[in-house]
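If you want the building blocks of each chain, they are given just below.
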Amino acid sequence: SAVISQKPSRDICQRGTSLTIQCQVDSQVTMMFWYRQQPGQSLTLIATANQGSEATYESGFVIDKFPISRPNLTFSTLTVSNMSPEDSSIYLCSVGDTSSGNTIYFGEGSWLTVV
Amino acid sequence: GDSVTQMEGPVTLSEEAFLTINCTYTATGYPSLFWYVQYPGEGLQLLLKATKADDKGSNKGFEATYRKETTSFHLEKGSVQVSDSAVYFCALSHNQAGTALIFGKGTTLSVSS
């Protein structure tokens, strides 16, 4: 299984600022995924991050608000831009492990509170 | 499109009670099915999975069987503990590499002693 590290684990952010979340994987993976989990809700896919190409965003999410970088096969960042209280969520990085039936593993999440 | 439907929570049980959390899915083809668990204040952990019809996934006393005929993947445990209190998510993904998960809404389980 893949080991995924996310930073920061928690943060309190001021309205209008931006925060970049880092995701580091202990092995090379082709695709990484970013999810959002709003308080008391399920997980919603924000985008799929491919190395060497633009991320693919799901409906309701745009690059200007959630820019993603994927500079290599073990690392990705998600930026939450111009934050508002509605962005208070857990943001989770995940990767697919094709050696185990495409099982998807998650980092521990970045818990953001916007005040 | 593909979707996952879980029973509404919260589910409240006494210790040692039998647990069932229902999960049904709608999908084309033959997806893989998963249960993830989220303990209070923590991230998501894979609990168990099944990749084809009639497979049974099991872990930590939890079991779920992939039922193609009823498009279901119900989670069961014979005797729950207080430490099982968490949110449980049913999810599916297609077996192509790099396919993201589709989640159900989650079911909160609360076990009291």
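Source: prediction; values computed, not measured. (Residues numbered from 1 in each chain as written. Chains lettered and ligands numbered in written order. Predicted model: local features only at pLDDT ≥ 70, side-chain atom pairs only at ≥ 80, totals over all residues. Heavy atoms only, no water.)

A. Broad picture of the side chain of A:Asp87. Residues and elements named next belong to chain A. Examined against the element boundaries, Asp87 turns out to sit in the loop between strand E8 (75-80) and strand E9 (89-97). The class for Asp87 is buried, based on a relative accessible area of 5%. Here the side chain of Asp87 touches Lys65 through a polar contact of 2.6 Å, side chain to side chain. Each residue touching Asp87, except ones within four places of it in the same chain, is listed here: Arg36, Lys65, Phe66, Val80, Asn82 and Val114. (Helix = DSSP H or I, 4+ residues; strand = E, 2+ residues; numbered from the N terminus. Buried < 20%, exposed > 50% of the residue type's maximum accessible area, 1.4 Å probe, protein only. Polar contact = N/O pair within 3.5 Å; in protein donor to acceptor, adjacent residues only side chain to side chain. Contact = heavy atoms within 4.5 Å.)

B. Spatial organisation of unusual backbone geometry. A cis amide bond links A:Lys7 with the next residue in sequence, A:Pro8, at an omega value of -5 degrees. The residue after B:Gly9, namely B:Pro10, is reached through a cis peptide bond having omega -5 degrees. Locating B:Pro10 in the fold gives a position in the loop between strand E1 (3-6) and strand E2 (11-14).

C. Main features of the pairing of strand E4 (residues 23-26) of chain B. All names here are of chain B. Here E4 shows a clear split, with Cys23 and Tyr25 buried on one side and none of Thr24 and Thr26 buried on the other. As paired strands, E1 and E4 are joined by four bridges and run antiparallel to one another. Bridging from a neighbouring strand, Thr5 pairs with Thr24 of E4. (Pairing = 2+ DSSP bridges.)

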